[in-house]
Amino acid sequence: VSEKFQQELFASIAANPQCEVTVDLPNQTVCNEATGHSEKFDINGYKKYCLMNGYDDISVLKFADISCGCGAFLMDVTSCIHRITGKSFATIFRDNIFGIDLQPYAVERTKIILALLALENNEDTEFEFNIIEADTLDYKSEDWDVKYDKFDIIIGNPPYVCSRHLSHSTLSKLKKYEVCKSGHP
């Protein structure tokens, strides 16, 4: 909003702390109810989407690393959620953190690193992890549980493999995805 409108808002609030200010996020307007004046404001499209859909609260978001490897990204997100919200690690592991990897040792390593993070922060309890061994390219196969149906944020670093080293099975799975229809392979 303009500086003039901002000064008007502050003056109205100073004159009457009960003064109402209406923010209409969908229409991107702010109205000073004391004067009846309103003004449009700019907002980043992504931030507007998050606020409109209730994603302003990190404690309710579901984060997934769909090729979690050693679990480093999930560990960082867990630490961030814990620091911001104060939620227990056990609750974060159960409600917010999801990991998927093709390799069984990666799944176990991720669970261990997350448990160590909690233990390092004096939380020693039974943990319910949402870390599964599955092929991310087989999304919606019988291996996938309903709780792996929708994520708010995907994090991670996909494995980098030269396409000429991919199996025929993997190449055929990749063809199912729009983002893989151009470029190499």
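Residues numbered from 1 in each chain as written. Predicted model: local features only at pLDDT ≥ 70, side-chain atom pairs only at ≥ 80, totals over all residues. Heavy atoms only, no water.

### Focus on the overall build of the protein chain
Summing up its helical and strand segments, the protein chain has six helices and seven strands in all. Each helix (α) and strand (β) of the protein chain, taken in turn from the N terminus, gives the series α-β-β-β-α-β-α-α-β-α-β-β-α. Taken over 185 residues, the protein chain has a buried fraction of 31%. Sequence-distant contacts in the protein chain: of pairs separated by 6 or more residues, those separated by 24 or more amount to 59%. Accessible area of the protein chain: about 12000 Å², with a carbon and sulfur share of 54%. (Helix = DSSP H or I, 4+ residues; strand = E, 2+ residues; numbered from the N terminus. Buried < 20%, exposed > 50% of the residue type's maximum accessible area, 1.4 Å probe, protein only. Contact = heavy atoms within 4.5 Å. Areas by Shrake-Rupley, 256 points an atom, 1.4 Å probe, with all protein chains shown as cover.)

### Concerning the confidence of the model for the protein chain
Summary statistics for the protein chain give a mean pLDDT of 85 and a share of 88% for residues scoring 70 or more. The least confident element of the protein chain is helix α2 (residues 45-52), whose mean pLDDT is 76; the most confident is helix α5 (residues 104-120), at 96. (pLDDT = per-residue confidence, 0-100.)

### A short note on the packing of aromatic side chains
Inspection of the entire model under this criterion finds five aromatic pairs. Summarising the aromatic geometry, the rings of F127 and F129 are spaced 5.8 Å apart at their centres and angled 50 degrees between planes, so their arrangement reads as tilted. We note that F127, like F129, is buried. Each member of the aromatic cluster is reached from another via a ring pair, and the members are F89, F93, F127 and F129. It is K62 that lies over the ring of F98; its NZ or CZ is 4.9 Å from the centre. (Phe/Tyr/Trp six-rings, centres within 6.5 Å; stacked < 30°, edge-to-face > 60°. Lys NZ or Arg CZ within 6 Å of the ring centre and 35° of its normal.)

### Here we look at the sheet that holds strand β3 (residues 37-40)
In spatial order, the strands read β1-β2-β3; together these three strands make up an open sheet with antiparallel pairing. Strands with a single pairing partner mark the edges of an open sheet, and in this sheet they are β1 (21-24) and β3. Each adjacent strand pair in this sheet contributes to an overall mean axis angle of 15 degrees, direction not counted. Pairing geometry for β1 and strand β2 (residues 29-32), over four bridges, is antiparallel. Paired with V23 across the bridge in β2 is V30. This element, helix α1 (residues 3-15), spans β1, β2 and β3 of the sheet and lies at about 40 degrees to β2. (Pairing = 2+ DSSP bridges. Axes fitted to C-alpha atoms, helices over the stretch in contact; angles between N-to-C directions.)

### What about the pattern of salt bridges?
Applying the stated rule across the entire model yields two salt bridges. Ionic pairing is found between D95 and R94, a salt bridge with its closest N-O pair at 2.8 Å. Between E108 and K111 there is a salt bridge, with the nearest N and O atoms lying 4.0 Å from each other. Separated by three residues within a single helix, E108 and K111 lie in helix α5, roughly one turn from each other. E108 gets classed as partly exposed once you look at its relative accessible area, which sits at 44%. (Salt bridge = Lys/Arg side-chain N within 4 Å of Asp/Glu carboxyl O.)

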